[in-house]
Amino acid sequence: MDSPVKDIAATPAAPPAPAAASSAVPVAGAGAGRSARRLGPVALVVAGGLSVQFGSAVAVLLMPRAGALGVVTLRLILAAAVLLIACRPKVRGYGRADWGTVLAFGAAMSGMNILFYLSVARIPLGAAVTLEVLGPLALSVLASRRLVNLLWAGLALGGVFLLSGLGSGGLGRLDPLGAAFALAAGAMWATYIVFSARTGRRFPQADGLALAMAVGAVISLPFGIVSAGDRLLVPSTIGLGLAVALMSSVLPYTLELLALRRLPAPTFAILMSLEPAIAATAGFLVLHQSLGLTDALAIALVIAASMGAVRTQVGARAAS
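Residues numbered from 1 in each chain as written. Predicted model: local features only at pLDDT ≥ 70, side-chain atom pairs only at ≥ 80, totals over all residues. Heavy atoms only, no water.

### What about the packing of helix H3 (residues 125–132) against helix H10 (residues 275–287)?
Right, so step 1: Interaxial distance between H3 and H10 falls to 7 Å at its minimum, and their mutual angle equals 165 degrees. What the angle tells us is that H3 and H10 run roughly antiparallel. The interaxial crossing formed by H3 with H10 has right-handed handedness. In contact with Leu125, Gly126, Val129 and Thr130 of H3, H10 contributes Glu275, Pro276, Ala279, Ala280, Ala282 and Gly283.
Right, so step 2: Class assignment of the residues belonging to the contact of H3 with H10 gives a composition of 6 nonpolar, 3 polar and 1 charged. (Axes fitted to C-alpha atoms, helices over the stretch in contact; angles between N-to-C directions. Helix = DSSP H or I, 4+ residues; strand = E, 2+ residues; numbered from the N terminus. Parallel < 35°, antiparallel > 145°, perpendicular 65-115°, else oblique. Left-handed = near helix turned anticlockwise from the far one by under 90°. Contact = heavy atoms within 4.5 Å. Nonpolar A, V, L, I, M, F, W, Y, C, P; charged D, E, K, R; others polar.)

Given below as structure tokens:
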């Protein structure tokens, strides 16, 4: 859901990694080796997506113990602790604008997670992620300003129409408040993307991410305390919260950063568009949330719209 490098869809393609020196004499199996090198980073991105969405499924299982807001607090606090220990970011030498960017990034991160978890407490995980991804998709369409993006916007809206059940009179199929939370989380995701990119330009490595995660944790803490109270201190709840933090934040961020060293940015962005399908699979396997044919078609339309918008942006840059 909330990867720090998902702003890659709005950035130029990353340069390929330097090629290793090779002999002029062809080597048997060289083609297979190149294929393996190409598939390696793709596997990392897919693994990251699986980690994020199955982590979200575990978070849903944790909600009866700590509530949606309590789970957000546990996730952000524990993820911040891990990242701060791992990155040990410097706090000196930055100006007011730098800290303002980190504060905005952390606030967007906290708001995105709070709204998303409030959503999945009410509607199926696959539906929530499908609605949430409309935020980055809208940002991508608006940034491109190309007529063809009206097609991608139309596909996405068609997916939402099917998912909501409006066409068949099934307005009550999705809880309206849960759907609204998911759409609001998507708007916060778009904001998160903007400030993620700005933070990456101002802070080295993952320092900005670690600091922003700490900000998000502090923002979420009062909500978690009011909602869950001393339930946040139950050892088994903390253990599950740590699992959510590792699966939804620490592990996928690490996998994606490793993948981006060798994977072109447009390819990465297209792979990230598959997250609604991964979320639906996680919801089915872990939470026993079944998908109907109409729901599957709705998710497919949103995925197609996301992929199309990314490819349109890449083509526009190549032509300019």
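### Describing unusual backbone geometry
Right, so step 1: For glutamine 205, which is not glycine, the phi dihedral falls at a positive 50 degrees.
Right, so step 2: Within the secondary structure, glutamine 205 sits in the loop between helix H6 (176–202) and helix H7 (207–228).
Right, so step 3: Not every positive phi belongs to a glycine, and histidine 288 is a case in point at roughly 60 degrees.
Right, so step 4: A relative accessible area of 67% places histidine 288 in the exposed class. (Buried < 20%, exposed > 50% of the residue type's maximum accessible area, 1.4 Å probe, protein only.)

### A look at the pattern of salt bridges
Pairs can form between side chains of opposite charge whenever their charged atoms are close.
Right, so step 1: As enumerated under the stated definition, the model contains 2 salt bridges in all.
Right, so step 2: Among the salt bridges present, the one from aspartate 98 reaches arginine 202, with a minimum N-O distance of 2.7 Å. A residue pair is termed long-range when its members are at least 10 positions apart, and aspartate 98 in helix H2 (residues 96–120) and arginine 202 in helix H6 qualify at 104 residues.
Right, so step 3: Judged by relative accessible area, arginine 202 falls into the partly exposed class, the value being 37%.
Right, so step 4: Between arginine 122 and aspartate 175 there is a salt bridge; the shortest N-O distance is 3.6 Å. Residue arginine 122 is found in the loop between H2 and H3, and its partner aspartate 175 is found in the loop between helix H5 (149–164) and H6; the two are separated by 53 residues along the sequence.
Right, so step 5: Residue classification places arginine 122 among the partly exposed positions, given a relative accessible area of 45%. (Salt bridge = Lys/Arg side-chain N within 4 Å of Asp/Glu carboxyl O.)

### Digging into the packing of aromatic side chains
Right, so step 1: Counted according to the given criterion, the structure contains 5 aromatic pairs.
Right, so step 2: Note on tryptophan 99 and phenylalanine 203: the rings are 6.1 Å apart at their centroids and 70 degrees apart in plane angle, and the pair reads as edge-to-face. With a gap of 104 residues between them, tryptophan 99 in helix H2 and phenylalanine 203 in the loop between H6 and H7 connect regions that are remote in the sequence.
Right, so step 3: The ring of phenylalanine 195 carries the charged tip of arginine 198 above its face, separated from the ring centre by 5.1 Å. (Phe/Tyr/Trp six-rings, centres within 6.5 Å; stacked < 30°, edge-to-face > 60°. Lys NZ or Arg CZ within 6 Å of the ring centre and 35° of its normal.)

### Some remarks on the side chain of threonine 199
Right, so step 1: Residue placement: threonine 199 occurs in helix H6.
Right, so step 2: Contacts of threonine 199, omitting those with residues within four sequence positions, involve Thr101, Val102, Phe105, Gly208 and Leu209.

### Details of the environment of threonine 294
Right, so step 1: Note that threonine 294 resides in helix H11 (residues 293–319).
Right, so step 2: A residue is classified by how much of its surface remains accessible, and threonine 294, at 37% relative accessible area, is partly exposed.
Right, so step 3: Sequence separation of threonine 294 and leucine 163 is 131 residues, and the distance between their C-alpha atoms is 7.1 Å.
Right, so step 4: Threonine 294 has contacts with Leu162 and Arg173, leaving out every residue within four places of it along the chain.

### Observations regarding the confidence of the model for the chain
Right, so step 1: Taken residue by residue, the chain gives an average pLDDT of 80. The fraction at 70 or more is 79%.
Right, so step 2: In the model of the chain, helix H9 (residues 265–272) stands out as the element of lowest mean pLDDT, 69, in contrast to H2, which has the highest, 95.
Right, so step 3: For the stretch residues 4–33, pLDDT sits under 50, and the model shows 37 contacts to residues farther than four places along the chain or on other chains. (pLDDT = per-residue confidence, 0-100.)

### With respect to the packing of H2 against H3
Right, so step 1: Axis separation between H2 and H3 bottoms out at 9 Å; the angle between their running directions is 140 degrees. The angle between H2 and H3 places the two elements in the oblique class. When the axes of H2 and H3 are compared, the crossing they make is right-handed. The segment H2 lies against H3, with Met112, Phe116, Ser119 and Val120 engaging Leu125, Ala128, Val129 and Glu132.

### Quick notes on a nonpolar patch on the surface
Right, so step 1: Judged by side-chain polarity, Ile77, Leu221 and Ile225 come together as a nonpolar surface patch covering roughly 230 Å² of accessible area.
Right, so step 2: Along the chain, the position of isoleucine 225 falls in helix H7. (Patch = residues over 30% accessible without salt bridge, like charges linked within 9 Å, V, L, I, M, F, W, Y side chains within 5 Å. Areas by Shrake-Rupley, 256 points an atom, 1.4 Å probe, with all protein chains shown as cover.)

### Overview of H7
Right, so step 1: Between the first and last C-alpha of H7 there are 30 Å, a value that for 22 residues agrees with the 32 Å anticipated at 1.5 Å per step.
Right, so step 2: Of all the bends in H7, the largest measures some 35 degrees and sits at serine 220, one to four residues before the proline proline 222.
Right, so step 3: Count one or two residues on from H7 and you reach glycine 229, which has phi positive near 60 degrees. (Expected span 1.5 Å × (residues − 1). Bend = angle between axes of the 7 residues up to and from the residue.)

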